[in-house]
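Architecture at a glance
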Amino acid sequence: MAAPGTGSPVPTTPDDVVRAAAAAPDLETLAAVSTTCRACPRLVAWREDQAAHPPARYRGQTYWARPAPGFGDPAARVVVVGLAPAAHGANRTGRMFTGDRSGDFLFAAMHRVGMASQPTSVAVDDGLTLHDVRVTAPVRCAPPANAPTPAERRTCGPWLARELELVAPRVAVVLGGFGWQALLTTLAEQGWAVPRPRPVFGHGVEVTLHHGTQDRTLTLLGCYHVSQQNTFTGRLTPAMLDAVLARARDVAAAQPSSTTSTP
């Protein structure tokens, strides 16, 4: 198994990303090479600057300061698609949604519906495992102001595309409008029959897509992002998130069961 951050050669251009993602035969290799990526200069500079100048509460900690790979069950029937790593969350810990309040909100809900072994996620070695669910994002580096550019999304897209090919989920819980549009773009590029005009994001929106050449379906469930802006104001409540995750669990239940659980 290749350790994240050890893949070679290091992708430094969008074409490199396309080739490296397509060549990854498994999730471990994909993580290893994707976490060395330096194809977006603005994001590389930002993630490393945030690691070099942390807030006082994290001073002295060693930051991951790399792209964050997907995390969870490699045979998951459900994927949760966010936006990008947080500058002092996953950019610090190296695991999606770990070490920040958005992750606290998300993993607590996953635990309540039986998808996570514990309700907290503070570090990569904290013992958390996910069952039948995987957490990922269309952009793997922490972006300034939580706002990746369209070009950065396109450059990073092949990592998500290859992850989806390897996992082959049946349900995608999509957190927020950016993730919704990015995922639809990736799925259209993979041959999924995405309607025109595209389905509009909204909390509780449910759309089932069919693959153009394969006998497969994928159900998308829209959910407000677990950002503090939404959770602190009550726009997204624990009960609302629980309901979406429970719906994802129920839709996936008709599929063959997953037997592997891994951090």
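Here goes a summary of the coordinates provided.

Calculation criteria
Residues numbered from 1 in each chain as written. Predicted model: local features only at pLDDT ≥ 70, side-chain atom pairs only at ≥ 80, totals over all residues. Heavy atoms only, no water. Pairing = 2+ DSSP bridges. Helix = DSSP H or I, 4+ residues; strand = E, 2+ residues; numbered from the N terminus. Contact = heavy atoms within 4.5 Å. Axes fitted to C-alpha atoms, helices over the stretch in contact; angles between N-to-C directions. Buried < 20%, exposed > 50% of the residue type's maximum accessible area, 1.4 Å probe, protein only. Polar contact = N/O pair within 3.5 Å; in protein donor to acceptor, adjacent residues only side chain to side chain.

Pairing is mixed across the open sheet formed by 6 strands, whose spatial order is β1-β4-β2-β5-β7-β6. Among the strands making up the open sheet, the edge pair consists of β1 (71-72) and β6 (206-210). Bridging between strand β2 (residues 78-81) and strand β4 (residues 133-136) involves 4 bridges; their strand directions are parallel. Note that in β4 the partner of Val80 across the bridge is Val135. Helix-sheet contacts for helix α5 (residues 101-112) involve β1, β2 and β4, and the interaxial angle to β4 is about 170 degrees. In the packing of helix α7 (residues 177-189) onto the sheet, contacts are made with β2, β5 (171-175), β6 and β7 (217-223), and the angle to β7 comes to roughly 165 degrees.

As for its position among the elements, Thr136 is in strand β4. The class for Thr136 is buried, based on a relative accessible area of 1%. At 3.2 Å, the side chain of Thr136 forms a polar contact with the side chain of Arg140. At a separation of 2.6 Å, a polar atom in the side chain of Thr136 contacts the side chain of Glu163.

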